[in-house]
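Report on the structure
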Amino acid sequence: MLPLILGLEGPTLTDADRDRIAKWQPAGFILFTRNIVDASQTRALTDELRELSEHSPIIGIDNEGGRVWRTAGLCPTPPNAATFGEKGTYKQSAWFGALAGRHLEMLGVNMNFAPDLDIDHQPEDSNALRGRCWGRDSQSVIDHAGNFSRWQRKNGVLSCGKHFPAGGRARVDPHHDLPVVEATLDELLATDLLPYTALAPELDAIMIAHIRYPALDSELPSSLSRRIITDLLRNQLGYEGLILTDDLDMGAITNGYGRGRDFELAWLAGNDLPLLCHELDTLDLAAEAFGKLPSDRRFDIEDRLEKTLRKLPIPPAFSIEKLDKCHRELSDLTKELTGEESFTIEAKTQSPVEDY
């Protein structure tokens with residue numbers, strides 16, 4: 001088993017997809033809008049991924065609400081996190097998490113790369129997070145995102161908090177370039193890291209941002225930094241769950257690191273599951289990089305991964321009736337908050353995150 005999360009080419013598996021799975025047995029997969037046509041097709045795709053895997057694979061997606069709701073073609077789009085933070089009650093955030101879990105569970109998805117735990121420091125900047133943060137202070141994020149995460153997990157879908165340590169401080173979009181944030185560790189501990197310290201015991205995974213914090217590591221971005229991942233997140237904050245990188249195909253990484261070297265640095269830094277979402281033909285280079293790791297590092301990754309895979313739930317029998325009921329309840333919740341049955345997607349911010 002190769003410890004990474006792999007993207008797929010389209011709504012059905014290609015021969016190239018099947019060959020990659022057979023050869024490397026990725027630990028998990030990520031679905032994007034390009035992979036989703038309708039509910040029965042999506043469930044057939046996730047069922048086939050399970051059949052082709054020699055282990056129980058993670059099947060993940062980004063379903064946060066608003067413009068980052070990969071299953072938008074299947075049901076009315078629910079509000080984004082910012083709308084829940086501004087207008088919603090904690091009970092409504094919990095109900096949103098429960099419905100998001102039921103919706104994904106029926107599709108055969110077992111991990112949602114949500115909730116965002118970023119504090120919205122730069123609400124007007126094009127940093128890929130506009131509308132995706134639950135609040136502008138740590139307590140709002142803890143309360144709303146925590147309820148979402150908790151009830152999503154109660155309904156069969158694992159949670160992944162992101163973008164550690166402080167994605168909301170970025171002023172540029174890491175899909176294009178590497179942001180640099182001039183914040184000290186003391187500043188982060190007093191603000192941005194509070195949602196992680198509060199919610200870490202109930203997060204199945206944490207995703208690391210592609211941002212450079214010179215005060216924490218003078219050379220490497222957070223997603224490739226042992227000081228930030230192992231020393232800070234693992235050793236100082238005591239986090240024991242899975243650690244994922246954000247997509248290593250983002251410009252913040254590809255502009256400065258070659259394929260293979262990026263994966264090697266990611267694993268050495270303490271990540272368990274790097275994400276390879278788009279440049280799928282480079283999987284062999286990533287696999288070669290894993291083979292270069294010291295044996296103790298490979299064992300640590302494989303041990304932690306096995307513990308997570310053992311707790312992945314078996315998806316229920318597919319029922320379009322149950323799915324339709326869930327979608328009606330999502331529409332009802334959206335109408336409670338906005339007066340409309342489907343959330344109006346905000347204007348484009350020119351981030352690729354909207355189009356995957």
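Refer to the structure presented above.
Rules and cut-offs
Residues numbered from 1 in each chain as written. Predicted model: local features only at pLDDT ≥ 70, side-chain atom pairs only at ≥ 80, totals over all residues. Heavy atoms only, no water. Core = buried A, V, L, I, M, F, W, Y, C linked by side-chain atoms within 4.5 Å. Buried < 20%, exposed > 50% of the residue type's maximum accessible area, 1.4 Å probe, protein only. Helix = DSSP H or I, 4+ residues; strand = E, 2+ residues; numbered from the N terminus. Contact = heavy atoms within 4.5 Å. Pairing = 2+ DSSP bridges. Right-handed = clockwise from strand over helix to strand, strands pointing away. Phe/Tyr/Trp six-rings, centres within 6.5 Å; stacked < 30°, edge-to-face > 60°. Lys NZ or Arg CZ within 6 Å of the ring centre and 35° of its normal. Axes fitted to C-alpha atoms, helices over the stretch in contact; angles between N-to-C directions. Salt bridge = Lys/Arg side-chain N within 4 Å of Asp/Glu carboxyl O. Parallel < 35°, antiparallel > 145°, perpendicular 65-115°, else oblique. Nonpolar A, V, L, I, M, F, W, Y, C, P; charged D, E, K, R; others polar.

**Structural notes on the nonpolar core**
Counting residues in hydrophobic clusters, the biggest one holds 43 residues, and the most contacted among them are Phe 96, Trp 134, Phe 164, Ile 206 and Tyr 213. Those elements giving two or more residues to this core turn out to be helix H3 (81–87), helix H4 (90–107), helix H5 (138–154), helix H7 (194–199), strand S8 (205–208), helix H8 (226–236) and helix H13 (320–338). Discounting residues that sit within four places of it in the chain, Tyr 213 has contacts with Pro 165, Ala 166, Gly 167, Val 181, Leu 188, Ser 222 and Ile 228.

**Let's talk about the pairing of S8**
Here S8 shows two buried faces, one formed by Ala 205 and Met 207 and the other by Ile 206 and Ile 208. Relative to S8, strand S7 (residues 158–164) runs parallel, the two being bridged by 3 bridges. By the bridge assignment, Phe 164 is partnered in S8 with Ile 208. Running through H8, the crossover from S8 to the neighbouring parallel element strand S9 (residues 242–247) is right-handed.

**Quick notes on the packing of aromatic side chains**
Following the criterion strictly, the structure yields 8 aromatic pairs and no others. Here the aromatic rings of Phe 84 and Trp 134 are separated by 6.1 Å at their centres, their planes lie at 45 degrees, and the arrangement is tilted. In this pair, Phe 84 sits in helix H3 while Trp 134 sits in the loop between strand S6 (111–112) and H5, placing the two residues 50 residues apart along the sequence. Here Phe 84 matches Trp 134 in class, with each residue buried. Three or more aromatic residues link up through ring pairs in this structure, and these residues are Trp 69, Phe 84, Phe 96, Trp 134 and Phe 148. Sitting over the face of the ring of Trp 151, Lys 154 holds its NZ or CZ atom 5.1 Å from the ring centroid.

**Looking at the sheet that holds strand S2 (residues 26–31)**
Here we have 8 strands rolled up into a closed barrel, ordered S1-S2-S3-S6-S7-S8-S9-S10, and parallel in their pairing. Bridge count between S6 and S7: 2 bridges; the pairing is parallel. What sits directly across from Met 111, in S7, is Leu 158. Against the sheet, helix H1 (residues 15–24) makes contact with strand S1 (2–6) and S2, and its axis sits at roughly 150 degrees relative to S2, the strand it touches most. Each of S1, S2, strand S3 (58–61), S7, S9 and strand S10 (273–276) is contacted by helix H12 (residues 295–310), which is oriented at about 95 degrees to S9, the strand it contacts most.

**Considerations on the environment of Pro 179**
Within the secondary structure, Pro 179 is located in the loop between S7 and helix H6 (185–190). What Pro 179 contacts, discounting residues up to four positions off in sequence, is Ala 170, Val 172, Pro 174, His 210, Ile 211 and Arg 212.

**Quick look at the pattern of salt bridges**
Between side chains of opposite charge, a pair can form when the charged atoms approach closely. Inspection of the entire model under this criterion finds 26 salt bridges. Between Arg 18 and Asp 15 there is a salt bridge, and its shortest N-O distance comes to 3.8 Å. One end of the pair is Arg 18 and the other is Asp 15, both in helix H1 and 3 residues apart, which spans about a single turn. For Arg 18, a relative accessible area of 30% translates into the label partly exposed. Exposure remark for Asp 15: the relative accessible area of 60% places this residue in the exposed category. Lys 162 is the partner of Glu 64 in a salt bridge, and the nearest nitrogen-oxygen pair spans 2.8 Å. Residue Glu 64 is located in strand S4 (residues 63–65), and its partner Lys 162 is located in strand S7; the two are separated by 98 residues in the primary sequence. Looking at Glu 64, the relative accessible area reads 6%, which means it is buried. Connected through shared salt-bridge partners, Asp 62, Glu 64, Asp 116, Arg 132 and Lys 162 make up one network.

**Some points on the environment of Pro 26**
Here Pro 26 shows up in strand S2. When the C-alpha atoms of Pro 26 and Asn 127 are compared, they prove to be 30 Å apart, with 101 residues separating the residues in sequence. The residues touching Pro 26, leaving out its near neighbours within four places in the chain, are Met 1, Leu 2, Leu 4, Leu 6, Arg 20, Ile 21 and His 55.

**Let's talk about the packing of H1 against helix H11 (residues 283–291)**
Where H1 contacts H11, the axes come no closer than 12 Å and their chain directions differ by 10 degrees. Taken together, the axes of H1 and H11 lie roughly parallel to each other. Listed contacts from H11 to Arg 20, Lys 23 and Trp 24 of H1 are Leu 283, Asp 284 and Ala 287. For the contact of H1 with H11, the residue count by class is 3 nonpolar, no polar and 3 charged.

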